[in-house]
Amino acid sequence: MFKSFFLDKRWFHWSILGSALILYVTWYKVEIDVKVNEWFGSFYNLIQKALSEPNAVTFEEFFAGCVEFFNIVSVYIIIAVMLDFFVRHYVFRWRTAMNDYYMSHWNKIRHIEGASQRIQEDTMRFARIMEGLGVSFMRSLMTLVAFLPILWTLSEHVTELPWIGEVSRSLVYLAILSALFGTVLLAIVGIKLPGLEFKNQKVEAAYRKELVFGEDHDDRAQPESVKELFQNVRKNYFNLYRHYLYFDIAKWSYIQYTVIVPYIALGPTIVSGAITLGVLQQILRAFGKVEDSFQFLVHSWSTIVELMSIYKRLKGFEEQIEIAINAEQEAATDQ
């Protein structure tokens, strides 16, 4: 899964240099996010001035603020489109490396149930998910590095928390605690999902294999056997849906209810008029960025579950290859 791409000299330009390019461009996108956060502060202060004092702001000044935002996000759009285009090619190269490795050992693994599916589908899904999660994880780290100092500085404006009182740099601690709570909650609630996803792929593979045999052999894929195999698929899916039900309840309840948390924390500061509208927007946006970075596992848990299931299947695949290679080496030694 990894050595066929990252340790093969043929793929050096894509695996090593390509990964470095993706990380660099991802960091550049985060820097643009920082500029947007600064723009929010100045622009909303301009709006507050215009609303509180008629004609204190000219339309030209207001429009100039809008143009500034247009210029910033235009660069972001160009970078994002180019990165996505490059990443799609990157993923296919990774899939190609895995495909070449597995096919070079096809005679050792062709007997494994679902072998064709693992090579055709699992390699594609594994490369795509690994790239997506990898970029998301690095983006979360980079966003944290960029926005945590900003939130730390902006927390100086927050004089106290409701029901608690004065807490220095309170918003930073609140973001960490909120994300930690959600991560632990979903890890506990979703602990059974990886195993169920793995089992789901096994019953799907058995059903698909019987149908494939039925294309070439009249005595295969008979209604009785197909019905039994599909019943296994149905049973596993319904069990999976049941477990995802309470997982989704926990996930969406946490995501939606925590939206209001920073507003409650800023309540005493807002009602006392200690900050401007621009500063408020900067704080809320910085808090959201920091919290989202800490919530990487929360937002990615369903994808991680899918990846764990694919990893288990491909790992078993590679173990069979290693066993066959070792057996060949022992036979050659005995001779």
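The protein has the name Peptide antibiotic transporter SbmA in an unreviewed UniProt entry, where Enterovibrio qingdaonensis is given as its organism. Under Subcellular location (unreviewed entry), UniProt gives the following word-for-word description of the protein: "Cell membrane".

A. Inspection of the overall build of the protein at higher detail. On a plain count of helices and strands, the protein comes out with 12 helices and zero strands. By the compact-globule yardstick of 20 Å for 335 residues, the protein is too spread out, its C-alpha radius of gyration being 27 Å. Oriented by its inertia axes, the alpha-carbon framework of the protein measures out at about 90 × 45 × 40 Å. Restricting to contacts in the protein with at least 6 residues of sequence separation, those with at least 24 account for 81%. Within the structure as shown, the protein displays about 19200 Å² of accessible surface, and the carbon and sulfur contribution to it stands at 63%. Looking at the protein, you have 32 positive and 36 negative side-chain charges, and the mean spots of the two groups are 4 Å apart.

B. Seen up close, the side chain of Ser-155. You can see Ser-155 is positioned in the loop between α5 (115–154) and α6 (170–189). Reaching out from Ser-155, the side chain makes a polar contact with the backbone oxygen of Leu-151 at a distance of 2.7 Å.

C. Inspection of the packing of helix α7 (residues 193–216) against helix α8 (residues 223–257) at higher detail. Where α7 contacts α8, the axes come no closer than 9 Å and their chain directions differ by 160 degrees. Judged on the interaxial angle alone, α8 and α7 are roughly antiparallel. For the pair α7 and α8, the crossing hand works out as left-handed.

D. Molecular detail of the environment of Ala-80. Checked against the element boundaries, Ala-80 lands in helix α3 (residues 59–103). Overall, the relative accessible area of 14% leaves Ala-80 in the buried class. When the C-alpha atoms of Ala-80 and Lys-29 are compared, they prove to be 7.7 Å apart, with 51 residues separating the residues in sequence.

E. Summary view of α7. In this model α7 runs 36 Å from its N-terminal to its C-terminal C-alpha over 24 residues, within 8% of the 34 Å that 1.5 Å per residue would give. Along α7, the residues classified as buried are Leu-193, Pro-194, Leu-196, Glu-197, Asn-200, Gln-201, Val-203, Glu-204, Ala-205, Ala-206, Tyr-207 and Glu-210.

F. Expanded view of a nonpolar patch on the surface. Together, Trp-163, Ile-164, Ile-260, Tyr-263 and Ile-264 give the surface a local cluster of nonpolar side chains, amounting to about 640 Å² of exposed area. If you trace the backbone, Ile-264 turns up in helix α9 (residues 261–265). What makes Ile-264 partly exposed here is its relative accessible area of 41%.

G. A look at the pattern of salt bridges. Applying the stated criterion across every chain, the model contains four salt bridges. Between Asp-33 and Arg-285 there is a salt bridge, with its nearest N and O atoms 3.8 Å apart. Taken as a pair, Asp-33 in helix α2 (residues 12–52) and Arg-285 in helix α11 (residues 277–294) lie far apart in primary sequence, 252 residues in all. Since its relative accessible area comes to 6%, Asp-33 is described here as buried. Across the salt bridge formed by Asp-33 and Lys-289, the nearest N and O atoms sit 3.2 Å from each other. In this pair, Asp-33 is assigned in helix α2 and Lys-289 in helix α11, connecting sequence segments 256 residues apart. Connected via shared salt-bridge partners are Asp-33, Arg-139, Arg-285 and Lys-289.

H. Spatial organisation of the packing of α2 against α3. Two elements in contact, α2 and α3, have axes separated by 10 Å at closest approach and are oriented at 160 degrees. Accordingly, the angle class assigned to the pair α2 and α3 is roughly antiparallel. The way α2 lies across α3 gives a crossing that is left-handed. When the residues that make up the contact of α2 with α3 are grouped by side-chain class, the tally is 23 nonpolar, six polar and six charged.

I. The UniProt feature "transmembrane region" (unreviewed entry) in the protein, seen in detail. Those residues carrying the UniProt feature "transmembrane region" (unreviewed entry) are residues 12–30, 62–87, 133–152 and 172–191 in this numbering. Helix makes up 90% of residues 172–191 and strand 0%, and the two end C-alpha atoms of the span are 29 Å apart.

Analysis parameters
- Residues numbered from 1 in each chain as written.
- Predicted model: local features only at pLDDT ≥ 70, side-chain atom pairs only at ≥ 80, totals over all residues.
- Heavy atoms only, no water.
- UniProt positions renumbered as here; feature names shortened; annotations may be inferred.
- Helix = DSSP H or I, 4+ residues; strand = E, 2+ residues; numbered from the N terminus.
- Rg over C-alpha atoms; globule rule 2.2 N^0.38 Å.
- Contact = heavy atoms within 4.5 Å.
- Areas by Shrake-Rupley, 256 points an atom, 1.4 Å probe, with all protein chains shown as cover.
- Lys, Arg positive; Asp, Glu negative; His and termini not counted.
- Charge placed at Lys NZ, Arg CZ, Asp CG, Glu CD.
- Polar contact = N/O pair within 3.5 Å; in protein donor to acceptor, adjacent residues only side chain to side chain.
- Axes fitted to C-alpha atoms, helices over the stretch in contact; angles between N-to-C directions.
- Parallel < 35°, antiparallel > 145°, perpendicular 65-115°, else oblique.
- Left-handed = near helix turned anticlockwise from the far one by under 90°.
- Buried < 20%, exposed > 50% of the residue type's maximum accessible area, 1.4 Å probe, protein only.
- Expected span 1.5 Å × (residues − 1).
- Patch = residues over 30% accessible without salt bridge, like charges linked within 9 Å, V, L, I, M, F, W, Y side chains within 5 Å.
- Salt bridge = Lys/Arg side-chain N within 4 Å of Asp/Glu carboxyl O.
- Nonpolar A, V, L, I, M, F, W, Y, C, P; charged D, E, K, R; others polar.

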